[in-house]
Amino acid sequence: MDWTHYRFRSLWTLPAPPAVVYDALERAEDYPRWWRQVREVTRLDDTTGVIRIRSLLPYDITFTARETRRDPAAGVLEIAMSGDIEGWARWTLTADGPGTLARYDQVVEVHKPLLRRFAVPGRPLFRANHRLMMRAGRRGLAARLEAV
């Protein structure tokens, strides 16, 4: 097993139709306004930006995100990531009654030296840290959607 390889899936039930959720998720530069663990998003051009995140554990992860798929009709947003982590992430949105089911899939390899050094003993903490970050993101986006 490669201890620096991670595969994540999160499911968020959100109180708005898919088109509204899609509009919020496609504006990555707004994430720090509703997702406190997304500390900074710096746009480089129309399809690329640098993102810095930090959850409960005391380390930042910085990566370049490059859009690889933007398909509003299918409800799909996908990026390729390089930097402290390398891989891809995808949002897939589907109607769920009057709201939306947002599925987040991510497959990454960790390149940050600190996280590689502690890959084996830290793995359960790193996974828990990711779960906490995703839980906070769902709450933040749900609150933002309800306020609009």
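Rules behind the numbers
- Residues numbered from 1 in each chain as written.
- Predicted model: local features only at pLDDT ≥ 70, side-chain atom pairs only at ≥ 80, totals over all residues.
- Heavy atoms only, no water.
- Salt bridge = Lys/Arg side-chain N within 4 Å of Asp/Glu carboxyl O.
- Buried < 20%, exposed > 50% of the residue type's maximum accessible area, 1.4 Å probe, protein only.
- Helix = DSSP H or I, 4+ residues; strand = E, 2+ residues; numbered from the N terminus.
- Polar contact = N/O pair within 3.5 Å; in protein donor to acceptor, adjacent residues only side chain to side chain.
- Contact = heavy atoms within 4.5 Å.
- Pairing = 2+ DSSP bridges.

Chemist: Help me understand the pattern of salt bridges, please; the structure alone is not making it clear to me.
Modeler: Should the charged atoms of two oppositely charged side chains come close, the side chains can pair. Counted according to the given criterion, the structure contains 14 salt bridges. Of the charged contacts in the structure, one is a salt bridge between Arg27 and Asp30, with a shortest N-O distance of 3.1 Å. Judged by its relative accessible area of 33%, Arg27 falls in the partly exposed class. Between Arg54 and Asp60 there is a salt bridge, and its shortest N-O distance comes to 3.4 Å. Residue Arg54 is classed as partly exposed on the basis of its relative accessible area, which comes to 28%. Each of Glu40, Arg52, Arg54 and Asp60 takes part in salt bridges that share partners, so that together they form one network.

Chemist: I'm lost on the side chain of Thr100 in this one. Help?
Modeler: Residue position: Thr100 is located in strand 7 (residues 99-110). Polar contacts involving the side chain of Thr100 include one to the main-chain carbonyl oxygen of Ala16, which spans 2.5 Å. In contact with Thr100, not counting residues within four places along its chain, are Trp12, Thr13, Leu14, Ala16, Pro17, Pro18, Val21, Leu93 and Thr94.

Chemist: Please clarify how the pairing of strand 6 (residues 85-96) should be interpreted in this entry.
Modeler: Every regular strand shows the same layout, with side chains that alternate between the two sheet faces. Relative to strand 6, strand 5 (residues 76-83) is paired through six bridges, and the arrangement is antiparallel. When the sheet's bridge partners are listed, Ile79 is paired in strand 6 with Ala89. Hairpin connection, strand 5 to strand 6: the antiparallel pair is bridged by one residue. Of the pairings in the sheet, the one linking strand 6 to strand 7 comprises twelve bridges and is antiparallel in character. The partner of Gly87 across the bridge, within strand 7, is Val108. Hairpin connection of strand 6 to strand 7: two residues between the antiparallel strands, including Gly97 at a positive phi of 65°.

Chemist: What's the story with the side chain of Arg123 in this structure? I'm lost.
Modeler: Here Arg123 shows up in helix 4 (residues 119-147). Excluding anything up to four places from it in sequence, Arg123 contacts Met1, Asp2, Trp3, Thr4, His5, Tyr6 and Phe118.

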